[in-house]
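This is what each chain is made of:
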Amino acid sequence: MINFNVPPYVDKAMEYIQECVRNQKICGDGAFTRKCNEWIEKKTGTAKCLLTTSCTHATELAALLCGVEPQDEVIMPSYTFVSTANAFVLRGAVPVFVDIRPDTMNLDEKLIEAAITEKTRAIVPVHYAGVACEMDTIMALAAKYGLKVIEDAAQGVMSSYKGRALGAIGDFGCFSFHETKNYSMGEGGALLIQAPKDVEAAEIMREKGTNRSMYYRGQIDKYTWINYGSSYLPSDTNAAYLYAQLEIAEKMNDARLALWERYYRNLAPLAEAGKIELPVVPEGCVHNAHMFYIKAADLEERTELLAYLKQKEILSVFHYIPLHTAPAGVKFGRFHGEDRYTTKESERLARLPMYYGLTVEQVDYICDMVKGFYV
Ligand SMILES: *Cc1c(COP(=O)(O)O)cnc(C)c1O
């Protein structure tokens, strides 16, 4: 059986975890958390990175830092993971879903302005498959209307837009290090903060509303309760597992990209014959091969394709029931404008196996089976 995903593991991870345990420094904000934060800051050029317990929590922290309040509106795609919306729903805000572009499955930047009202507080672009949203347009709209931009870059670690790292373009960026992502710590994530003025508030909210981070740095003699907050810092053992991967992130990224290119080359004839569609990476976007997907003609064909691949021992999946059609989406959010592509394109999309360690032979086999389905 070819799995859909295998969590990334690199040998150094055991050594680093043992180091944590031996030093009896396993709780949050230890040496490995610091190393991960610094690595991300250097790699992305963000002013400050704070490792978190998940991308979900990073987004919640961003919602708190933006001061999102009940009845505020937050513009986002409906084709995304629930956490994108939950972070704002927890603050009593209303997700306003805008249609996606069929080529990248990202928020259609041309439809955002019409969805902006007096209540709009923020825009949340989701960089689907690690391919960037049209950030120049989104940042210009945010500046024009005084909105915050929170990038859901859960899938975008190591990707860029016109030379700028995803996650480091908006006011806040959120990474995921869940086991299904390119780099993992089991459960984990990171909040990227652009403005130095937001850093102190973020450190306080992440540490249960206390100024413990300043205490640890020796800036104050005792720490105290400063603001509302929660516990968003991961154990250092998890950071140790992640840091082993970050050290060889380029190598892992190159390996994924090689698999992605191979899928693309192998399947190009099917796309040229009009049987399937392949992913689109717009000019100026450098992606990270987070996923390889194809689009079947419609829902029925996709269902048959996935069943066929399963018979051939290949686990291929689809995802994201559009949020506006889910029970909570109906209750908490609304779709602005017409759902031209969100539902239709989501029903066609099938994700093929992609992980660090997948072999070219496996990719060739999978492509042969996809071709076999279409003959
Ligand atoms: C994975 C993912 C998340 C959630 O990440 P966690 O680290 O599991 O909380 C959020 N948004 C998108 C787009 C994702 O792919």
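Scroll up a little and you will see the structure.
A brief look at the structure comes next. Quick caveat, the model's predicted, so the values are computed rather than measured.

1. Remarks on the overall build of the protein
Move 1: Secondary structure summary: the protein contains 14 helices and 13 strands in total.
Move 2: Relative to a compact globule of 375 residues, whose C-alpha radius of gyration would be 21 Å, the protein shows 21 Å and is just as compact.
Move 3: C-alpha extents for the protein along the principal axes are approximately 70 × 55 × 35 Å.
Move 4: Across the 375 residues of the protein, 56% fall into the buried class.

2. Some points on the sheet that holds strand 4 (residues 120–123)
Move 1: Strand order in the open sheet formed by eight strands is 1-9-8-5-4-2-3-12, with mixed pairing between adjacent strands. Every interior strand has two partners, whereas the edge strands, strand 1 (48–52) and strand 12 (334–335), have only one.
Move 2: Judged from the three bridges that link them, strand 2 (residues 73–77) and strand 4 form a sheet pairing that is parallel. Bridge assignment links Val 74 to a residue of strand 4, and that residue is Ala 122.
Move 3: Most of the contacts of helix 4 (residues 82–89) go to strand 2, to which it runs at about 180°, and overall it touches strand 2, strand 3 (94–98) and strand 5 (148–152).
Move 4: Set on the sheet, helix 6 (residues 135–145) makes contact with strand 4 and strand 5; between it and strand 5 the angle comes to about 150°.

3. Focus: the side chain of His 319
Move 1: Take His 319: it is sitting in the loop between helix 11 (299–311) and helix 12 (327–332).
Move 2: Polar contacts involving the side chain of His 319 include one to the side chain of Tyr 128, which spans 2.8 Å.
Move 3: Filtering out sequence-adjacent residues up to four positions away, His 319 remains in contact with Tyr 79, Tyr 128, Met 291, Leu 349 and Arg 351.

4. Things to note about the site of the ligand
Move 1: Around the ligand, a shell composed of 14 residues is seen, among which Thr 56, Asp 152, Gln 155, Ser 176 and Lys 181 lie nearest.
Move 2: The backbone of Gly 188 places a nitrogen or oxygen atom 3.5 Å from an oxygen atom of the ligand.
Move 3: Its atoms largely coinciding with the cavity grid, the ligand occupies the second largest pocket.
Move 4: Split by residue class, the shell around the ligand holds five nonpolar, seven polar and two charged.

5. Quick word on the sheet that holds strand 10 (residues 285–286)
Move 1: Taking strand neighbours across the sheet as the criterion, the three strands line up as 7-6-10 in an open arrangement whose pairing is antiparallel. The open sheet has two free edges, formed respectively by strand 7 (164–165) and strand 10, since each of these has just one partner strand.
Move 2: The sheet contact formed by strand 6 (residues 160–161) and strand 10 spans two bridges and is antiparallel. The residue bridging Ser 160 from the neighbouring strand is Val 286, located in strand 10.

6. Re the side chain of Glu 207
Move 1: With respect to the helices and strands, Glu 207 occurs in the loop between helix 7 (196–206) and helix 8 (212–216).
Move 2: For Glu 207, the residues in contact, after removing those within four places along its chain, are Asp 29, Arg 212, Ser 213, Tyr 216, Ser 230 and Leu 233.

7. What about the packing of aromatic side chains?
Move 1: Counting across every chain of the model gives 16 aromatic pairs.
Move 2: Geometrically, the ring pair formed by Tyr 16 and Phe 32 is tilted, given 5.1 Å between the ring centres and 35° between the ring planes. Of this pair, Tyr 16 sits in helix 1 (residues 12–22) while Phe 32 sits in helix 2 (residues 31–44), and the two are 16 residues apart along the sequence.
Move 3: Under the relative-accessibility criterion, Tyr 16 is labelled buried at 8%.
Move 4: Classification of Phe 32 by relative accessible area gives buried; the value is 3%.
Move 5: Ring centres of Phe 175 and Phe 177 lie 6.3 Å apart, and the angle between their planes is 80°; this geometry places the pair in the edge-to-face category.

8. Some thoughts on the nonpolar core
Move 1: Within the largest apolar cluster, 51 residues are counted, with the highest numbers of intra-cluster contacts made by Ile 40, Leu 51, Phe 177 and Tyr 183.
Move 2: Here this core takes seven residues from helix 9 (residues 236–246), the largest share from any one element.
Move 3: One finds Leu 50, Ala 62, Leu 64 and Leu 191 within the second-largest nonpolar core, a separate group that totals 31 residues.

What counts and how
Residues numbered from 1 in each chain as written. Predicted model: local features only at pLDDT ≥ 70, side-chain atom pairs only at ≥ 80, totals over all residues. Heavy atoms only, no water. Helix = DSSP H or I, 4+ residues; strand = E, 2+ residues; numbered from the N terminus. Rg over C-alpha atoms; globule rule 2.2 N^0.38 Å. Buried < 20%, exposed > 50% of the residue type's maximum accessible area, 1.4 Å probe, protein only. Pairing = 2+ DSSP bridges. Contact = heavy atoms within 4.5 Å. Axes fitted to C-alpha atoms, helices over the stretch in contact; angles between N-to-C directions. Polar contact = N/O pair within 3.5 Å; in protein donor to acceptor, adjacent residues only side chain to side chain. Near = heavy atom within 4 Å. 1 Å grid on protein atoms, 1.4 Å probe; cavity = no way out; pocket = protein on both sides within 12 Å on 5 of 7 lines; lining within 4 Å. Sits in = over half its atoms within 2 Å of the grid points. Nonpolar A, V, L, I, M, F, W, Y, C, P; charged D, E, K, R; others polar. Phe/Tyr/Trp six-rings, centres within 6.5 Å; stacked < 30°, edge-to-face > 60°. Core = buried A, V, L, I, M, F, W, Y, C linked by side-chain atoms within 4.5 Å.

All quantities given are derived from atomic positions and should not be read as evidence of function.
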